[in-house]
Amino acid sequence: MRVFYFSEMAYDPAWDKAMQHGSMRVNFPSENFDPAIAHTMLNRFLDEFALCDEVGLDIMVNEHHSTATCMTVSVPMALAVIARETKNCRLLSLGSPIANRPDPVRVAEEMAWLDVLSGGRLEMGLVKGAPYEVAPANSQPARLMARYWEAHDLILKAMSTTDGPFNWEGEYYQYRQVNIWPRPLQQPTPPVWMTGLSESTGRAAAEKGHVAATLLSGAVAKPMFDAYRNRAAELGWQAGPDRLAYAAVIGVGSTTEEGKRRADQIAGYVRTSPVVYEPFVNPPGYNTIGANVFAMKHPDKLAFVRTRDGAPVNHLTATVDDFMAADTIFAGTPDEVFEQIKSFHEWCGGFGNLLFFGQGGDLNHADTCDNIRLFAKEVFPRLAELNAHLPATSGQPQLVAAE
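Keep in mind that this is a model prediction, so the values were computed, not measured. (Residues numbered from 1 in each chain as written. Predicted model: local features only at pLDDT ≥ 70, side-chain atom pairs only at ≥ 80, totals over all residues. Heavy atoms only, no water.)

## Notes on the overall build of the protein
- Scanning the protein for helices and strands turns up 14 helices and 11 strands.
- Counting only contacts in the protein whose residues sit at least 6 apart along the sequence, the fraction spanning at least 24 positions is 75%.
- For the protein, the exposed surface amounts to about 17200 Å²; the carbon and sulfur share of it is 53%.
- Separation of charge centres in the protein, based on 34 positive and 47 negative side chains, amounts to 4 Å. (Helix = DSSP H or I, 4+ residues; strand = E, 2+ residues; numbered from the N terminus. Contact = heavy atoms within 4.5 Å. Areas by Shrake-Rupley, 256 points an atom, 1.4 Å probe, with all protein chains shown as cover. Lys, Arg positive; Asp, Glu negative; His and termini not counted. Charge placed at Lys NZ, Arg CZ, Asp CG, Glu CD.)

Pasting the structure below:
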C-alpha cells in the first residue's frame with residue numbers, strides 16, 4: 001500500500017471568527033488574515049512535507065480558494081517547491097479543479113513542467129472542484145461536468161501528443177495550435193486520479209482507468225469502490241487495489257490518549273470545512289436532478305459522514321470516537337491504528353492508496369512531526385501485507401487521446 005501524506009495548510013488562527021461569521025468560505029473577509037503569521041505557517045507546513053520524503057512517505061497537495069480552511073491556492077505552485085526540496089517521494093496533485101480553470105492547456109503545461117522538474121514523480125489529479133468555489137470562479141454550475149470532461153480530454157491529448165500542433169474546436173475551449181513544451185517525462189501522461197463521493201464517479205473513473213479517490217466516510221467509500229470494481233469487470237478488465245484510494249484523519253501516539261488527542265485536533269478541519277453560507281452549498285445545476293430529488297425525499301440520508309451501517313454523524317459536534325465509528329479517523333497507538341486500517345480495508349474490499357491526513361486544525365509542528373515519524377516507522381511498513389492476497393490490476397484500458 002502506498003501512503004500519501006497531506007495537509008490542507010489551513011489558516012486556523014481565523015477559525016473562531018469565521019465560526020462567529022457563519023461561513024469559512026467565499027464571503028469571510030480577508031481582513032481576518034495576517035500575512036506575517038501566514039508566512040511562518042506556510043514555511044512550517046513545507047518543512048513537514050519535506051520530512052515525509054525523509055521517512056519514506058509520498059506527498060499529496062490539493063487546492064481551495066476564498067477560504068480559511070486552505071492556504072494552498074495553487075497545486076502547481078506548492079508542488080514546485082516540494083519537488084525541489086524532495087528526492088524520492090511520489091507527488092500527487094489532487095488536484096486541479098479543471099472545470100473552473102479557463103485554460104486547460106495551461107494546466108497541461110504546468111503538470112508537464114512539474115513532471116519534468118520532479119524527475120517523473122508526478123501523479124495528476126483532475127478534479128471537478130467543490131460546490132463552494134463555483135461562485136468565486138464565476139462558473140456555470142449546470143455545465144460544470146460537461147466543461148470538466150472536455151477539459152479532461154484536452155489536457156490528456158495535449159500531454160500525449162508529440163508529433164506537432166493540433167487544433168481543438170470544442171464546445172467550451174478553442175485553440176488553433178496546441179503543442180505544449182515541455183512534454184511530461186512519464187509517457188503518455190503521468191498517472192491520472194479522480195475524486196468523488198458517489199457510485200457514478202466510481203463507474204466513470206473505471207471507464208477511464210483512472211485512480212478513484214474518496215475521503216472521510218467509510219459509508220461513502222465502500223459503494224464507490226464496489227462500483228469501480230464492477231464497472232471495470234463489465235468492461236473486461238480487473239481493477240486491483242492500486243486503482244482505489246481513501247483519505248482519513250490519522251493520529252498516532254505513544255499512548256491511545258495521545259493518538260486520539262492528535263486526531264481530535266486534526267479533525268478540526270472536518271468540523272469546520274463545510275461551514276459555509278447556504279447559498280454556496282448547492283449551486284443550481286451543480287448536482288444532478290436525480291441527486292437533488294433523492295436529497296429532498298431522503299433528508300435523513302444526507303449526512304456525508306456515516307457509520308458502516310449508515311447512521312449519520314454530525315460533523316460539527318462529533319467526538320473522536322464518533323468519527324472513528326465512521327472510519328473518518330484512525331487513532332491511537334501504532335498497533336491500534338494498524339488494526340483500524342486493516343478492519344476498514346477488509347470491510348470495503350481493499351484499496352491500495354491511503355491518503356494520510358496527518359495535520360489539521362491547530363495541531364502544532366512538534367506534534368505533526370511526531371505523528372509523521374510514528375506512522376512512518378510503526379504503521380506504514382505493516383500496511384504492505386493488507387493487499388498481498390488481492391489480485392493485481394490486469395487488462396487496464398490504455399489512454400486513447402481524444403479526437
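## Thoughts on unusual backbone geometry
- Cis rather than trans, the peptide bond between W181 and P182 has omega equal to -5°.
- Each neighbour pair has its own omega, and for Q187 with P188 the value is 5°, a cis peptide bond.
- With a phi close to 70°, V26 is a non-glycine residue in the positive phi region.
- Unlike most non-glycine residues, N138 shows phi in positive territory, near 55°.
- Inspection of the secondary structure puts N138 in the loop between α5 (134–137) and α6 (144–160).

## Overview of the state of the cysteines
- A complete count under the given rule lists 0 disulfides for this structure.
- The closest cysteine sulfur to the non-disulfide-bonded C89 is located on C52, 7.8 Å from its own sulfur.
- Owing to a relative accessible area of 2%, C89 belongs among the buried residues under this scheme. (Disulfide = S-S within 2.5 Å. Buried < 20%, exposed > 50% of the residue type's maximum accessible area, 1.4 Å probe, protein only.)

## Quick notes on a nonpolar patch on the surface
- A contiguous nonpolar surface patch, about 340 Å² in accessible area, is contributed by I289, V293 and M296.
- One can find V293 in helix α11 (residues 289–297). (Patch = residues over 30% accessible without salt bridge, like charges linked within 9 Å, V, L, I, M, F, W, Y side chains within 5 Å. Salt bridge = Lys/Arg side-chain N within 4 Å of Asp/Glu carboxyl O.)

## What to know about the environment of R90
- Considering the arrangement of structural elements, one finds R90 in the loop between α3 (75–85) and β3 (91–97).
- Measuring from C-alpha to C-alpha, the distance between R90 and P188 comes to 17 Å, with 98 residues separating the pair along the chain.
- Not counting residues up to four positions away in its chain, the partners in contact with R90 are R2, F4, D58, I59, G120, R121, L122, E123, Q186 and P191.
- At a separation of 3.0 Å, a polar atom in the side chain of R90 contacts the side chain of Q186. (Polar contact = N/O pair within 3.5 Å; in protein donor to acceptor, adjacent residues only side chain to side chain.)

## What about the side chain of N353?
- Looking at where N353 falls in the secondary structure, it is placed in strand β11 (residues 353–359).
- A polar contact of 3.0 Å, which involves the side chain of N353, links it to the side chain of R2.
- At 3.1 Å, the side chain of N353 forms a polar contact with the backbone oxygen of L244.
- Those residues in contact with N353 that sit more than four places away from it in its chain are M1, R2, F4, W193, V211, P241, D242, L244, A245 and Y246.

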